[in-house]
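# Chain and residue survey
Residue-level listing of the chains:
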Amino acid sequence: MVRMGPDVPLLNEYKQEFFWKRFPQTVLGGPRFKLGYCAPPYVYVNQVVLFLTPWLLGGIGTLLCQLQLLEELHAAMLSGLLMLGAAVGVQALALYAARRNAMVERLGVPNILADEEEVEFTHCVGPETVRFIAPGKRFGLNVLLHTVLAGALCGLGTWYVLLGRLTALYGSVGVALVVFVLSWVTLCTAEYSLIVNTATETATFQAQDTYEITPLTRPLYILAFIAVDLADRFTGPVPELQLTSQVLHVVFLVLPLLWALGMLSPLDALLLWGMEQALVFGLGGSPMSSNLRLLGMLAMSVCVTVCTFFIPSTLGVVLFSMAMGFLLSLDLSQFGTYCGGGSRGACGDSGWHRGASPAPPSLFGWRLGCSELLLYLGLLLGAMTEAGLLHHFLSPSQTQNLARVSQDAVSYLLITLFIVCWALREIQGAYVFGGVFLNPLYPRGMANVRVFKQRSRGLHMAGAIRRVLLNLVSPFAMVAFLALDGSVQQLHTASLSVGFTRAFRVVWQSSEDALLQMVVVVSVRLAAGDTRLPGWDSLGTGVQLLLVGLLSDRLLQFLSKLKFALAVLVTSWTEKKQRRQSAGTLLVLNASLCPLLLSVVVLSAMLSAPLLPLFTLPIFLVGFPRPQRSWPGPVGTACPCPDSIYYQQMSGSLACALRSAFARGSLGPLTPGSHFLGRFQDRVVWIMILERGYGYCTVNIKGLELQETSCHTVEARRVDEVFEGAFERPERLGLNQGINLHWGNALTPCAALPVRVYSDARNVLSGIIDSHDNLRKLQDDFLKALVWLLLRNCVQRLKAFPWDTEEGTGGGGTKSQSSQLGQSTVTQPAEAIMVESNISSLKFRRASSSLTSFGDWSDEDDLFGPQPARRTVALVSTEAQLGDTVLQTGPSLPGSVEMDSLFENMALSALQPLQPLGLGLGLPAVDKGRNPEVPPTKSSGTLAHENFSCPHSELFSLPPGWRTAPLLPFRLQQLRPLFPEEWFRFTLGRLALAVQDEASEDVAKSLKEDGGLKDLHAQVALSCLISLGAESAFTSPSYVYRVYSGDVPWTEGLKWLSENKELYQLALKAFRYSFKLLFDQASLGPMESLDELFSTLEEYERDWYIGLVAEKGWQDSVLQEKPFLFSLGHDLTMGTYTGRVLSLQEQLVQVGHLNGEGVRGQWANLSWELLYATNDDEERYSIQAHPIMLRNLTVQAADPPLGYPIYSSVPLHLPCF
C-alpha cells in the first residue's frame, strides 16, 4: 500500500468502462448492447430479436387463448413447443459457428494489436456473429437440459401471466396489462440468459462456473414463483395462498432489479444456505465445517424427525428424541475414527500435522477413548432415565396438578441457572455488559505469565463452576422441563413433532442458547399466570422454542448489523482519511432515507444475509444469503510463505488455550460464525468458529502476513491501542476511566491467553561484530568449537550417544542468553544436525575474495559495500550433486571485475578454466615431482594409525579423507600454537568418560597424553581454519558475515574442504557456534572456565539452532519447537548487521471478539468487487486502512483467491468440557 486517503479511486478508468459495459448486460440477462468498438447494426438487431422471441412466441399462445380458440393449458403447451423449436435452432447455430470458428482459428493469424474483445463481423449470420451473440454450451448434457428447460419455462410462463388469470387476481384489466407487460420482460431476461448468452451475475459465489450452473439461476427462481401460482390454482380457495400469489406476482416484476442488485442467491449458495438454516433452526443442529458434513448431518436429522412422527408412544418419542438429540450433538467424526480402529483426534492427523500443529495432547476430550465413552454413556443413560421416569410418573396425563407444580419448580431453577451462568461468564472477560465497562475483577498490567495465572485463579474457579452448571446441570434441568410438558401428548402433528425433536436436540447442541430460549418461554408463562394466550399456547412448547430461537438470532443479527452500519456512517465523516468529497451527501441521504436504511438492515437480518456496504461506503445493499462460512471452498486454503511456520508452530498451543477459554466462557458466547482476532508482537491471528456441539467446538485458525504494509501497520497499531486500553490499565479505576473508549471499534477485547509461542528479539550488532578485540577472539573460539564438534562427532559415529542434559554440567554453569531468560526447556535427544548453506537464500554477497597464497594482498575490507549474490558455476554444480547442502565456489581473484555472462546470473570468473593438454591454467603450476616438501600421493601432514600410543584412541580417530588437505606443512607448523591443547585434553577427558560409561581415570589420562591423537585433531582443525581463510584474525565484519552465511571466499583448501561434506558442515557449524559465543560474551561477559564453555556448547547443540532464517533447518527447528534460534542478518539499507533471537516461551496472546456482521459485510463487498467488478487494484479504496472497521486485515483474512492469509489450519476439534 502506497497511497492512502479519501482520494483513492473506487474504480480506475479502465474498470469503470468495463463495469458500465457489464452492468447493462446483467440487467437484461445477457444482451451486449454496449461495446467498446463499432459494430454493424445487425449485431444489435439480432440480439433484440432473440431477446423478444419468447414474448412473441408466448404472445401467440396468449392471443389464441384470449380469442378462445385454445384453452389455457393448450395455449401454454403451444408456446412451450414453439420456444423449444427456437431453442433448438439457436443451439444448432451455435454449434455450427463453434466448429467454423475452430477451423478459422487454426488457419488464421491472430492480430496481436487488436483489442481482445473486438470481433470482426462479416455477415449478419456469419460464424463470428453467431459466436459473439450465442457462444454455446461447453457440455452436451447442458445443451439438452437448457433447451428443454427453455421450452418448459416459456410454456409455464405463458400460463402464469395469462391476462385472464391476472384479471381474476387483481380485478382490473389495466393492472393486469401492466403486470402482463413487465412480467414478460422478466421472462425474456431469464430465457436469454438460459439459451442465448449467460449474463455475469452480481451475486457470484464461486470464482468459476465450471458446470454452467449460472444459466439455471433465473429460470429456477421463476419456476418457484410459478409453483406457488399452480398451488393456488389447484388447491381450491385458500385466502392465504391467494394473497401470497398476488404478492408474488408483484415481486415477479422486480426480479430483474433484484438480480442486478445481487440480492438473490446463486443456486449453490442458496442450497447450502437453505440446508444450514433448516438444520439450525428447524432441526436444532449447528452449521457444519464442510459441505459434506452439512449434507450428512441434515440427512440424519431429517430421518430422526420422520421417525419421531411415526412412533406411537409418547414415552418412546421422549426417549428416542432425547437419545438421538444427544448423539447427534456430539462430534461424530471422532466416533468414525474410533470405529475405524484409529487413535487419531477428531480432526485427524492431517488436521494437526498439515496445520503444522503438534499432535493434540492426550488430555480428556481431545481423543475419543474409554473415559470419554464412559462419560457419554453415563450422561445418555442418566438423561434417558430422568426423562422416562418424569414423563411416566409426573406427566399431565397422570397427575396434572403435580406435573404443573413440578414444571413450575423446574422453571424457577432454569431462571436461576441462566442468571448464574450469565454472571459467571460476564466476569471472565476484560469487559462486561456488552463490552461497555471494564471488568474490575480481571487482572491487568501483568506481562509475567506466572503472575497472571496466579491472579486469575479466582476467575478460573468461577469458570469451573459455570462449566459444571452449563454442561451437566442445565441439560438435565431442561430435559426435565420438556419431559413434564403437557404438549408432549400431542406430538403426532408435524409441527409439534419437529418442535420437540429440535428442543431435545438443542438442549445438548447449544446448551447456553437453549437455556436462554427456555427462560424466555418460561417467563412468558409465569407472566401470563392463569391467563390463556390462545395464539401462543396453541403452538406448543417445541414450536415456541423454535420461534424464540429464530427471533433471538435475528434480533442479535439486527443489532450487530445496525452497529456496523452506524460505524460505516459515522467514520465516513469523523475519520479524516476516510472522508471523501461525497461523504456529506451520503450522510444527508442516509439521514433523510432513514426508514429505508432501517428496512435494508431489517431485511438483511431476516434473511440472515450480509449487509453489503458498496465499496465500503455508506451505501448499503442486502447481500445474497450464503452459509456462515461465507466461502464455497474447503477450510484450510492459504497463500503460504516462509513466515507461515510461525503460525503453524503456535496453532497447537493456541488451540489448547482456546479450549480452556471456551470452556470458561472468557471469549463470550460460542456461536458458529463468530470471529476473533489475536495479537502477539508482529503476529495477527484470525480465529473463526465453524461448528458447535456438546462438549466440542470446531475452529479455523488463520495467520496474516508479517511483512506489514502501510495499511496493515495503521490497523495493527490501532489493534494494539485497543488491547492496551483493556489489558494494561491500572487495576483501580475511577468511574470515568472504567468505560471502553473503543466501544465503536469492530474489535472488543476479551481475554489474554497464555500460549507457547516464539518471542522475536532483534539486535543491531554495531560495537560487537566490528570490534577488533571481538574479532581476534573469534579465531580462538572457532578452534575450540571445532575441536568440540570433532570429538563429539567421533562419539556419535561410534556409538549412539544420548546427549543427556545432566552430563557435563559443571559448577560454572552456562553463559548464554537462554540461561539468562530463566525459561524451562524441553530436553530433546541430540541429533547430528546438518547445517545447510542455502547460498541461494542469501540476499547479498561480496564478489571479491582473497587468495591466501598471495601473502600480504588482502581484500577483506569491503570498500564499496556488499554486492548482490551470484550463483557461480561451481555452486550450481555442487547443488546439483549434493542437494543444495554443500557450498562450493569458483576461484575469484581479489579486486577482479565479474561480468555477467550468457549463463544467466553466473559470473565469468566462476567458469572453470580451460585445461588443454593436461595443463591447469589459472594458478601457477606446481611441479610436485621436484618439490620435496609435497609428496605426490598424500599430504605430508597425514598421520598413520600406528602413531597412537593409547589403544582407545581409535575411538576418536578421524576419517582418512579429512587428513589430506593440500596445504604445505610449514603453514600448519606456523599455526600450531593456535591449537587449544588444554581445551582439547579437557574435552577429550569429558567425552571419554561418557563413551566408556564407567571408564577409569587411567584410560582418560592415557587418551589425554596420546600425542598422535592430538596431532591428528590439530592437523584437521588447522586445515579447516586455513580453508576458511581464517589463519590470520578476522578483521572484517563483511568477511565474518560471508563465512557465517556459507559464502566462503576462495581459499587454497576450500575445494578440499567442500569435497568432504561432513567436515565442511562441522566447520561451518563451528564457525556459527563461535560467532554465537562472541555475541554472548559481548553481551554477558567472558567465559570464566573451560567447564562453562563446555556447558555452553552443550546447550547450543541441545537447545539452539544457529543458522540463517532462509534455511530449511530453521523452519524445521521452529516446527520441532527448538527452544532457541539465532540468526545473523545484514540490513543493506541501514548498512548494519543484526542478530535475531527466537525464544520459545509461554506468552500472553491478547484475543478480542470481532463484529461478525461487519466481517460478513466486508467479505460480501469483497466478493462483489473482485468477482463481478473485477476491481483487483492493489490501491483501491476498499482495501485501504480503516482503524475502526479493520478493513485491510479483514480483506487479508478472506479465503483465497480473494484474500491472502499466509496460514490457514484445517478445521480443528477443540473439546470444551
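The model shown is predicted, which means the values in this text are computed figures rather than measured ones. (Residues numbered from 1 in each chain as written. Predicted model: local features only at pLDDT ≥ 70, side-chain atom pairs only at ≥ 80, totals over all residues. Heavy atoms only, no water.)

### A word on the state of the cysteines
One pass over the structure, following the stated rule, counts zero disulfides. The structure places no disulfide on Cys-639, whose sulfur is separated from the nearest cysteine sulfur, that of Cys-641, by 9.1 Å. Cys-639 sits in the partly exposed class, given a relative accessible area of 31%. (Disulfide = S-S within 2.5 Å. Buried < 20%, exposed > 50% of the residue type's maximum accessible area, 1.4 Å probe, protein only.)

### Considering a nonpolar patch on the surface
Side chains of Leu-81, Leu-84, Val-88, Leu-144 and Val-148 sit close together on the surface and give an oily, nonpolar patch of about 450 Å² of accessible area. Among the secondary structure elements, those contributing two or more residues to the nonpolar patch are helix 3 (72–107) and helix 5 (140–160). Considering every element that reaches the nonpolar patch, the biggest residue donor is helix 3, with three residues. By secondary structure assignment, the location of Leu-81 is in helix 3. (Patch = residues over 30% accessible without salt bridge, like charges linked within 9 Å, V, L, I, M, F, W, Y side chains within 5 Å. Areas by Shrake-Rupley, 256 points an atom, 1.4 Å probe, with all protein chains shown as cover. Salt bridge = Lys/Arg side-chain N within 4 Å of Asp/Glu carboxyl O. Helix = DSSP H or I, 4+ residues; strand = E, 2+ residues; numbered from the N terminus.)

### Brief notes about the UniProt feature "transmembrane region" (unreviewed entry) in the protein
Per the UniProt record, "transmembrane region" (unreviewed entry) is found at residues 42–64, 76–98, 139–162, 168–187, 250–274, 294–320, 373–394 and 586–607. Counting secondary structure, residues 42–64 comes out at 100% helix and 0% strand; the distance between its end C-alpha atoms is 31 Å. Taken end to end, residues 76–98 has its terminal C-alpha atoms 33 Å apart, with 100% of it in helix and 0% in strand. (UniProt positions renumbered as here; feature names shortened; annotations may be inferred.)

### Describing helix 11 (residues 267–282)
For helix 11, spanning 16 residues, the distance from its first C-alpha to its last is 21 Å, which sits close to the expected 22 Å at 1.5 Å a residue. Buried within helix 11 are the following residues: Leu-267, Ala-269, Leu-272, Trp-273, Met-275, Glu-276, Gln-277, Leu-279, Val-280, Phe-281 and Gly-282. On its buried side, helix 11 packs onto helix 8 (217–234), helix 12 (291–310), helix 20 (494–509) and helix 23 (541–574). In the stretch just after helix 11, Gly-284 is the one whose phi turns positive, near 80 degrees. (Expected span 1.5 Å × (residues − 1). Contact = heavy atoms within 4.5 Å.)

### Regarding the pattern of salt bridges
In this structure the tally under the stated criterion is 40 salt bridges. Two residues, Arg-165 and Asp-232, come together in a salt bridge whose shortest N-O distance is 2.8 Å. Taken together, the residues Arg-165 in helix 6 (residues 163–170) and Asp-232 in helix 8 connect sequence positions 67 residues apart. For the pair shown, Arg-165 and Asp-232 are each scored as buried.

### Quick notes on helix 19 (residues 457–483)
Between its terminal C-alpha atoms helix 19 stretches 38 Å, which fits the 39 Å expected from 27 residues at 1.5 Å a residue. Within helix 19, the axis deviates most sharply at Val-473, by approximately 40 degrees, and proline Pro-475 lies no more than four positions further along. (Bend = angle between axes of the 7 residues up to and from the residue.)

### Notes on unusual backbone geometry
Note that the residue after Pro-1200, namely Pro-1201, is joined by a cis bond; omega there is 10 degrees. In this fold, Pro-1201 is placed in the loop between helix 41 (1191–1197) and strand 12 (1207–1208). The backbone of Glu-1121 shows a phi angle near 60 degrees, a positive value even though the residue is not glycine. You can see Glu-1121 is positioned in the loop between helix 39 (1112–1119) and strand 10 (1124–1131). Although it is not a glycine, Leu-1190 sits at a positive phi angle of roughly 55 degrees. Residue placement: Leu-1190 occurs in the loop between helix 40 (1156–1171) and helix 41. On the accessibility criterion, Leu-1190 (2% relative accessible area) is buried.

### Re the confidence of the model for the protein
Scored by pLDDT, the protein comes out at a mean of 82, with 82% of its residues at no less than 70. Across residues 105–116, confidence stays below pLDDT 50; counting only partners more than four residues off in sequence or on other chains, it has zero contacts. Overall, residues 801–814 carries pLDDT values under 50, and its contacts beyond four positions in sequence, including any with other chains, amount to 36 contacts. (pLDDT = per-residue confidence, 0-100.)

### Concerning the packing of aromatic side chains
Per the counting criterion, the structure on display carries 42 aromatic pairs. Considering the side-chain rings of Phe-51 and Tyr-192, the 6.3 Å spacing of their centres and the 50 degrees angle between planes classify their relative orientation as tilted. Linking Phe-51 in helix 2 (residues 41–66) with Tyr-192 in helix 7 (residues 173–195), this pair joins segments that are 141 residues apart in sequence. The exposure class assigned to Phe-51 is buried, which follows from its relative accessible area of 13%. We classify Tyr-192 as buried; its relative accessible area is 1%. Taken together, a centroid distance of 6.2 Å and an interplanar angle of 85 degrees make the contact between Phe-476 and Trp-508 edge-to-face. One end of the pair, Phe-476, is in helix 19; the other, Trp-508, is in helix 20, with 32 residues separating them in the sequence. (Phe/Tyr/Trp six-rings, centres within 6.5 Å; stacked < 30°, edge-to-face > 60°.)

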